Amino acid sequence: MEDSNSLEILESEMESMDLRSQESSNQVELDSDLPPEKEVITDDWRDAINKVVPAVVVLQTTACRSFDTELPSSGSATGFVVDKNRGIILTNRHVVKPGPVVAQAIFVNNEEIPVYPIYRDPVHDFGFFRYNPSEIQFHKYEEIPLAPEAASVGLEIRVIGNDSCEKVSILAGTLARLDRNAPTYRRDGYNDFNTFYMQAASGTKCGSSGSPVIDKQGRAVALNAGGSVSSSSAFYLHLERVVRALTFLQKSKDACKNKWEEVSIPRGTLQVTFLHKGFDETRRLGLPKETEQMVRQASAPGETGMLVVDSVVPCGPADRQLESGDVLVHVNGEVTTQFLKLEALLDDNVDKKIELQIERGGTSLTFSIVVQDLHSITPDHFLEVSGAVIHSLSYQQARNFCFQCGLVYVSNPGYMLSRAGIPRHAIIKKFADDEISQLEDVISVLSKLCRGDRVPLEYISYKDRHRRKSALVTIDRHECSNVTQGLNSQSSLLNSESTPAEGTDQANNQELTHDIMITEAGYEHISEEAHSREECDVETNKQQVQENLSSDEIAAADLSLPEIGEMKLETQECVVEPTLVTMEVNVPPSCLLDGIHSVHSSGTGVVVHHSEDMGLVAIDKNTVQTSACDVMLSFAAFPIEIPGEVVFLHPVYNYALVAYDPSALGAVGASMVRAAELLPVPALCRGDPIYLIGAINMEVIELDTDFGNAFTGVLCNEHGKVQALWGSFSNKPKSCNTTSKDHQFVRGVPIYMISQVLDKIISGANGPALLINGVKRSMPLVRTLEAELYSRLLSKARSFGLGDEWIQRLVKKDPMRRQVLRVKENACQALENCVDSDGKLKITICRQGAEVDLLVGTDIRDGNGTMRALSWCGCLVQDPHPAVRALGFLPGEGHGVYAAMWSYGSPAERYFLGAVIWIVHVNGKPTPDLDAFANVVKGLRYDEFVRVKTINLDGKPHVLTLKQDLHYWPTWELRFDPNTATWRRETIKALDCNNE
């Protein structure tokens, strides 16, 4: 039995390719107290190390898709050449990955070559890459021989590899154990089993996976695989089965010609996990003394225990025959106490019956079981639809979750399934009322559905296996078409097959109930800047408030709340309830424009217009951040859920307008839903009684009672007339790419800000076309000042040189708030060159005590927001959005394209392209805008490295190189068409592996 520390294992020793890891490694290099690596190279080891190091390579791998136990990621590990003539590199299975992978090997002289997976063992932690030996032009090296028979307790060893991503590290150790049970990494990830591991205190760390464990003769006696997080213990895989697999690969008739035919390596299984337990433990399990004596006599000298059944996979060959706790005695009449012997018998008897004799609680039982082909239960293809990756449940995960192999498994829910709340690791049991037992059933259902169809899906989870859960899935095809991809062991690419879609559109409505909350509160004060507010206790009286305020803030305001009876509350509910809407917003991961951090949000909006041909809902822009999203509206007045369409995003204020089709409500629903009565004037003042009802450079409204950050709705007067939208704000900068918690707060948006735009849409004022429900209307235009302003008390402004005359004029202008606007950040100076005199704004400022009159340029914006972006190498690029422009810096003449985000498993992650930067040159060609950028990347060859020059927000330039992956990460454009009011995704350049 292993102690509890054995569970604290490094999940994977592949180092995440993160810039922070480079920073930490640089810090280590500066630590003079660390002993140099060369101290472990004694004279006895020098020849062996000089021979081995040239054959050890750094492997940079990228898992392009989620598959089986792995998520998309990029990392660095180790491998070593075991066949120089054929170009075969040995490493770990978790390095080769069970699914699609793109990788390259870097030799010690920095020569880089692409490598391709040719075999990954379904169970044990080893796999092979291949490369073309002729591509190595300058480096001299020899293959490292494998000598599993040389491993013994007390053997002095060296581990040579990319430990801590240092390219070459040499760690010393002594083999302490050869019979350690396989380490446990993760409950829901890859784990090795049915084999022994070696153990030594060599202290290997991230990046050393796949390193050779060598003896003084320069032979590999084991393969480094994992280590303990709480000690210096490292775990090595035995090489006997590695040698067997390598022998099969070397038998390929075209291997020496670098033309690889698929090689079948026989692997058998009973879908049973065994553990090796000592004789004391087996006696407690009921093993008779005479059986123990027989086993000791028949086994090799020094045998310490026997194999015991730990778990049996349901519906496997041994299900309902073997049980947990059974002690294995004979296999085909031979005493079997070692994993190696058991595995050899299974591999040599695939699709044949074997006879097993076991002891169960002192009773001897014999079973005849057919050995199953292990490769037949190892998935080799997957379905990708709308970002979701679905395939058959592997033996690895079936063992982890105690499920039957071959069930339909969600490796990654992607956009479509995650939108419905279906988690990773889910097992699909029913889809669109069809029972699902295999992947082909899902493909058949999808082929009959159209985009927008809403169908039920039932699933189970290993964390809650006894209850089926249901979800309503909205079929989505704009994120990614249905593609079935099959693993090809001879290439890093996958063969793809598209799944056609048939059927007719249909609408399915889900009924939801709504709880309406009405709360009475006092209107505290208005603040120009969203982050600054003045605390005011609900219980304080007018005198206490005046004592807390400065002399410039004191205003004669009655802060007492009037008595409000139940009849008035009922009146507010009756008036406002039919106007409220609950909104669910989902943003596809490929549409995270403008620094958007969240793919899902929800909030409460209010119907501001409702007629036969158009309905409009106002909601905060923290809930609806982009028009490239899917919106579902649930009405409080009538239990129905219908889709909405974002038609206007205010370029400055924190609100958006979402349109819906009133005919979708039906005759009854359309008659029950109505628009709120808006009260834009008079504006709210401090002390005004209001009612809260609901499920930069702008004035916001605060209440004297805190209802939490999740409560949104409307503020209205006693007659139910809406005076403000109580919405959510985010104070997380959209110009930065950070993983910190997204902080948000709620404030009120005065309704006059919304009614100004609403009136223009309804009246049809002159302007660009705005398509709503198929009818062209007028898009309101907003003139903005490219500067961020915030309020300052006049008492503070006096310290900055504001004269008495202006202070008196401002007090007279607004005696209650007594404040002035100050420039916080000035945006880019491009508008200073505005030649349109009508676009100039005359302003008077106080600068260093002097009064200055300026004529400042302004900008005209519509409500579409960002309308175009390009995805290149997994990096989403766009023109700089307002939050970035507000920083006051754009790089150089013509600027550049702005990298908004990158995706895991993409070249952008692998080569550290990153986000929150500008791309200004590609292969020396300037990319001032998206058109120039698109023209440059169209002409790039897919098999060549690309030189990219970037500039970060601090103005620091950087040049990097990367290689495109046009098969998994094609170049495509996302564009909003205002004429059709739709987002379209068009592939610019891709690589079809079927035409290779």
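Quick note: structure is the one above.
Below is a summary of the structure that appears in this document.

Each value, and the rule that gives it
- Throughout this description, residue numbers start from 1 for each chain and increase along the sequence as written.
- Whole-chain, interface and lining totals are the exception, using all residues; otherwise, since this is a predicted model, local features are given only for residues with pLDDT of at least 70 and side-chain atom pairs are given and counted only at 80 or more.
- Note that water and hydrogens are dropped before the side-chain values are worked out from all heavy atoms of the structure.
- Cavities and pockets are found on a 1 Å grid laid over the protein atoms alone: a cavity is a set of points where a 1.4 Å probe fits but cannot escape, a pocket is an open set with protein on both sides within 12 Å along at least five of seven lines, and a lining residue has an atom within 4 Å of such a point.
- Grid points are joined across faces, edges and corners, and a volume is the space filled by probe spheres set on the points.
- Helix numbering and strand numbering both begin at the N terminus, where a helix is a DSSP run of H or I of at least 4 residues and a strand a DSSP run of E of at least 2.
- Any residue that is not Ala, Val, Leu, Ile, Met, Phe, Trp, Tyr, Cys, Pro, Asp, Glu, Lys or Arg is counted as polar, Gly included; the first ten are nonpolar and the last four charged.
- By convention, a stacked pair of Phe, Tyr or Trp rings (six-membered ring in the case of Trp) has centres within 6.5 Å and planes under 30 degrees apart, an edge-to-face pair has planes over 60 apart, and any other such pair is tilted.
- The rule is simple: take the accessible area with a 1.4 Å probe, protein chains only, and divide by the maximum for that residue type; under 20% is buried, over 50% is exposed, in between is partly exposed.
- The rule for a charge over a ring is simple: NZ of Lys or CZ of Arg within 6 Å of the ring centre, and within 35 degrees of the ring normal.
- Between any two strands, pairing holds if DSSP finds at least two bridges.
- As a rule, the C-alpha atoms of each element are fitted with a line to give its axis, helices using only the stretch in contact, and angles between N-to-C directions run from 0 to 180 degrees.
- Residues belong to one nonpolar core when they are buried, are Ala, Val, Leu, Ile, Met, Phe, Trp, Tyr or Cys, and are joined through side-chain atoms within 4.5 Å.
- When checking whether two residues touch, look at their non-hydrogen atoms; a contact exists if any pair is within 4.5 Å.
- We count a salt bridge whenever a side-chain nitrogen from Lys or Arg sits within 4 Å of a carboxyl oxygen from Asp or Glu.

## A word on empty space enclosed by the protein
Phase 1 of the analysis: In this structure, the largest cavity encloses a volume near 150 Å³.
Phase 2 of the analysis: Lining the largest cavity are 16 residues; nearest its centre among them are Asn194, Gly268, Thr269, Glu343 and Leu346.
Phase 3 of the analysis: Elements that contribute at least two residues to the lining of the largest cavity include exactly strand 15 (268–269), strand 16 (272–278) and helix 7 (339–347).
Phase 4 of the analysis: A total of 4 residues in the lining of the largest cavity trace back to one element, the largest contributor, which is helix 7.
Phase 5 of the analysis: Classifying every residue of the lining of the largest cavity by side-chain character gives 10 nonpolar, 4 polar and 2 charged.

## Overview of the packing of aromatic side chains
Phase 1 of the analysis: Tallied over the entire structure, the rule returns 17 aromatic pairs.
Phase 2 of the analysis: Relative to Tyr462, the ring of Phe401 has its centre 4.2 Å away and its plane inclined at 10 degrees; by these criteria the two rings are stacked. Separated by 61 residues along the polypeptide, Phe401 in helix 8 (residues 395–401) and Tyr462 in the loop between strand 28 (454–461) and strand 29 (464–474) bring together distant segments of the chain. Neither Phe401 nor Tyr462 differs from the other in exposure class; each is buried.
Phase 3 of the analysis: Among the aromatic residues, those joined into a cluster by ring pairs are Phe107, Tyr131 and Tyr141.
Phase 4 of the analysis: Directly above the aromatic system of Tyr141 lies the positively charged group of Lys84, at a separation of 5.3 Å from the ring centroid.
Phase 5 of the analysis: If you follow Lys251 out to its NZ or CZ, it ends over the ring of Phe248, 5.2 Å from the centre.

## Quick word on the sheet that holds strand 9 (residues 169–174)
Phase 1 of the analysis: Spatially, 7 strands are ordered 9-8-12-13-14-11-10 in an open sheet, and the strand pairing comes out antiparallel. Of all the strands in the sheet, the pair left with one neighbour each is strand 9 and strand 10 (177–181). Neighbour-to-neighbour, the strand axes of the sheet open up by a mean angle of 40 degrees, direction not taken into account.
Phase 2 of the analysis: Pairing of strand 8 (residues 156–161) with strand 9 involves 6 bridges; the strand directions are antiparallel.

## Structural notes on the nonpolar core
Phase 1 of the analysis: Residues Phe80, Leu90, Phe126, Phe128, Phe129, Tyr131 and Leu146 are the most contacted members of the largest nonpolar core, which totals 51 residues.
Phase 2 of the analysis: Phe126 has contacts with Leu90, Thr91, Asn92, Arg93, Tyr119, Arg120, Asp121, Leu223, Leu237, Arg241, Val242 and Ala245, leaving out every residue within four places of it along the chain.
Phase 3 of the analysis: Leu593, Val624, Leu633 and Ile640 belong to the second largest nonpolar core, which has 36 residues in total.

## Side note on the pattern of salt bridges
Phase 1 of the analysis: Across all of its chains, the model carries 39 salt bridges by this definition.
Phase 2 of the analysis: Between Lys469 and Asp464 there is a salt bridge, with its nearest N and O atoms 3.7 Å apart.
Phase 3 of the analysis: By relative accessible area, which is 17% here, Asp464 ends up buried.
Phase 4 of the analysis: Each of Asp121, Arg241, Arg244, Arg267, Glu343 and Asp347 takes part in salt bridges that share partners, so that together they form one network.

Just distances and angles here, no functional claims.
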